[in-house]
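Residues per chain, in single letters:
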Amino acid sequence: MVWRDAGARLYRNQVGNGLRLPNINEAVVEEAIADKSIVRTWAMRGTLHVIAAEDVRWILTLLRPRLHTIIGTYCRKFELDEAVLAKSQACMIRILQGDKQLTRPELKAALGQEGIRTHDLRLNLLLVRVAIDGIICCGCRRGKELTYTLLDEWVPSVKPVNHDEALAELTLRYFASHGPATVADFVWWSGLRVSDAKTGLELVKSSLLSKKIDGQSYWMASAMNNFSETLTNVCLLPPFDEYLVAYKDRSAALGTIDFSRIVTAGNGLFKPVVVINGQVAGTWKRTIKKNQLDVETSFFAPLSKINHDAIEAEINRYSTFLNITA
């Protein structure tokens, strides 16, 4: 059952970014941001996500109380009190008005002119706090730099969604797209309180299927597809991919592999991983020099020639996505 669950998760997560959408490249993703159909901003757990434009406001409104609590701890550590946060917000609104898109260095310079300290992690915290307050979001890239712009000028406002509707919608979307998953997984992914996650599940559980595995309740979409013909056998997953980061319990994908083998020592950041038939089989890293992609792989066990060939094909697919030579 665990094996099948891992496969289901992998297939269900084959929607949402360049890895999961066939026949697109990186430019198409950036075009979707430029035409404002998707928005890059900080949301779940206070981390950077890409969200459909029509969903960004109700998701931020739902998550904001918990995000304030989470980021508040770090703000206090760096002496960013409410007065500093309000001053920073007012400064960003003023300098970004008129559909301006400014880079981090430009925002840093403007905040510095107002006497707002931005060293260490302060600039990061200020940007995240103003973004989760629904004031700014990311605009288009300028070269390799992200830009920032006012959310209200970037995306038209929509009809507000009340709290229970938003909670039910986020809960249903999570379990329908990430199931089989537990309440603990949903709490980890969303950053919501356990009580809110349980309330959300109560609101939508009639639309979901539940199964007990080793005494634990797993929830998923009520209609499950047959994955045997559509499951991708080999995937090169980027750091922080939903297949791993969206679950508190990652044992279905890791099996007997120790979690420490897929994170970077010292900072705990996820490494890019190779997944074969739903199971993490190794790690990989890329180097891009002069429009050429080099990929190094490291596996936890010997691979068959079939899997080596499949990985080679995935590397070529990834180079096509980036529009460079592998």
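Novice: Even after reading the chapter, I still don't get the pattern of salt bridges, so can you show me in this structure?
Specialist: Charged atoms that come close allow side chains of opposite charge to pair. Going through the model one piece at a time under the given rule, you end up with 15 salt bridges. Two residues, Asp120 and Arg122, come together in a salt bridge whose shortest N-O distance is 3.3 Å. On the basis of relative accessible area, Asp120 is assigned to the exposed category, the value being 60%. Its salt-bridge partner being Lys205, residue Glu202 comes within 3.1 Å of it at the nearest N-O pair. Accessibility expressed as a relative area gives 35% for Lys205, which makes it partly exposed. Residues joined by salt bridges that share partners form a network here, namely Glu79, Arg117, Asp120 and Arg122.

Novice: Can you help me understand the packing of aromatic side chains in this one?
Specialist: Pairs of aromatic rings are described using the distance from one ring centre to the other and the angle between the two planes. Overall, the coordinates contain nine aromatic pairs when judged by the stated rule. Centre to centre, the rings of Phe175 and Phe186 are 5.5 Å apart; their planes meet at 50°, and the pair counts as tilted. Remark: Phe186 occurs in helix H9 (residues 183-190) and Phe175 occurs in helix H8 (residues 163-178); sequence separation between them is 11 residues. Residue Phe175 shares its accessibility class with Phe186, and that shared class is buried. Seen from their ring centres, Phe186 and Trp189 are 6.3 Å apart, and the 25° between their planes marks the pair as stacked. Taken together, the residues span about one helical turn, with Phe186 and Trp189 both in helix H9 at a distance of three residues. Exposure class is identical for Phe186 and Trp189. Each is buried.

Novice: Explain the packing of helix H5 (residues 104-113) against helix H6 (residues 122-132) here, please?
Specialist: Relative orientation and spacing of two packed helices are given, respectively, by the angle between their axes and the distance between those axes. The contact between H5 and H6 brings their axes to 11 Å, and the two run at 95°. Overall, the two elements H5 and H6 adopt an arrangement that is roughly perpendicular. Contacts between H5 and H6 involve Arg104, Leu107, Lys108 and Leu111 on the former and, on the latter, Leu123, Asn124, Leu126 and Leu127. Partitioning the contact of H5 with H6 into residue classes produces five nonpolar, one polar and two charged.

Rules used throughout
Residues numbered from 1 in each chain as written. Predicted model: local features only at pLDDT ≥ 70, side-chain atom pairs only at ≥ 80, totals over all residues. Heavy atoms only, no water. Salt bridge = Lys/Arg side-chain N within 4 Å of Asp/Glu carboxyl O. Buried < 20%, exposed > 50% of the residue type's maximum accessible area, 1.4 Å probe, protein only. Phe/Tyr/Trp six-rings, centres within 6.5 Å; stacked < 30°, edge-to-face > 60°. Helix = DSSP H or I, 4+ residues; strand = E, 2+ residues; numbered from the N terminus. Axes fitted to C-alpha atoms, helices over the stretch in contact; angles between N-to-C directions. Parallel < 35°, antiparallel > 145°, perpendicular 65-115°, else oblique. Contact = heavy atoms within 4.5 Å. Nonpolar A, V, L, I, M, F, W, Y, C, P; charged D, E, K, R; others polar.

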